[in-house]
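The lines below spell out each chain.
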Amino acid sequence: MKASTLASITSISTLKTVKRASAAALALTIAQSAAVFAVDIDGDQVYVGDTVIGQDDTVKGNVLHSDGRLTVQGTVEGNIDQSGDGRVDVDGGLVKGNINERDNGGVNVFNEGIVEGNIDERGDGQVSVKEESLVKGDISERGLKGVTVNNSDVEGNISERGYGDVNLENECLVKGNVSERNAGNVNDDGTCDVEGNIG
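Structural notes, computed from the coordinates.

Parameters and conventions
Residues numbered from 1 in each chain as written. Predicted model: local features only at pLDDT ≥ 70, side-chain atom pairs only at ≥ 80, totals over all residues. Heavy atoms only, no water. Helix = DSSP H or I, 4+ residues; strand = E, 2+ residues; numbered from the N terminus. Buried < 20%, exposed > 50% of the residue type's maximum accessible area, 1.4 Å probe, protein only. Pairing = 2+ DSSP bridges. Disulfide = S-S within 2.5 Å. Salt bridge = Lys/Arg side-chain N within 4 Å of Asp/Glu carboxyl O.

1. What to know about the overall build of the protein chain
Of the regular secondary structure elements, the protein chain holds two helices and 23 strands. Out of the 199 residues in the protein chain, the part that is buried amounts to 49%.

The structure is reproduced here in structure tokens:
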């Protein structure tokens, strides 16, 4: 890591007065030359670059992540906010809060991963829930791609408001409603159980 980056880290306490959104942008500026960068700001973790939260790791606050893949194999007790060119992979991990993805990446929950909150994808990525995983909240996708639920459960509603499809596959279960409000379709392979309405 460059000396200028190290100098910035030593004065990171000045970030305490910066709003969290601004802190994430500042961390990105500081870490442009670093592969991975992490800062603790009022209990929230700010990461830049490819990051793995391992099976034995627990993040007690929120996670602010940008530019790279965030892989959750352990536990995040707060929310995840992802921006920039990257994605969120819940690979057998547990996210107790919401996942918000704003830019080009997507959100993938697989390998028996669990998201207890909502998933909101507002960029060009897709939302995929597969391999016996569980989303307890709602899934909302507003960009160019869609939502796929394969051999997994969603206890809330699924809403697709962009140009992508909603694909229900391989004995999935959706307890809420499924809606597609733009150019896409709802595709059900006939093996899934939707307890709410489809429209």
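2. Digging into the pairing of strand 7 (residues 80–91)
Of all twelve residues that make up strand 7, nine are buried, and the element is covered over most of its length. Relative to strand 7, strand 5 (residues 63–72) runs parallel, the two being bridged by nine bridges. For V72, the partnering residue across the bridge sits in strand 7 and is V90. With three bridges connecting them, strand 7 and strand 9 (residues 99–101) associate as parallel partners. In the sheet register, Q82 faces strand 9, and the bridge partner there is E101. Where strand 7 and strand 10 (residues 107–110) come together, four bridges link them in parallel fashion. Considered in strand 10, the bridge of D89 is made with N108.

3. A closer look at the state of the cysteines
Per the stated rule, a full pass over the model turns up one disulfide. Through a disulfide, C172 is tied to C192; the S-S separation comes to 2.3 Å. Since a negative S-S torsion denotes a left-handed disulfide, the C172-C192 link at about 120° is right-handed. In this pair, C172 is assigned in the loop between strand 19 (166–169) and strand 20 (173–174) and C192 in the loop between strand 22 (186–188) and strand 23 (193–194), connecting sequence segments 20 residues apart. Of the two residues examined, C172 and C192, each falls in the buried class.

4. A short note on the sheet that holds strand 20
With parallel pairing, the eight strands of this open sheet are ordered in space as 4-6-8-11-14-17-20-23. Only two strands of the sheet have a single partner each, and these edge strands are strand 4 (58–59) and strand 23.

5. What about the pattern of salt bridges?
By the definition in use, this model includes six salt bridges. Across the salt bridge formed by R87 and D89, the nearest N and O atoms sit 3.1 Å from each other. A single network of salt bridges, built from pairs that share partners, joins R69, R87 and D89.

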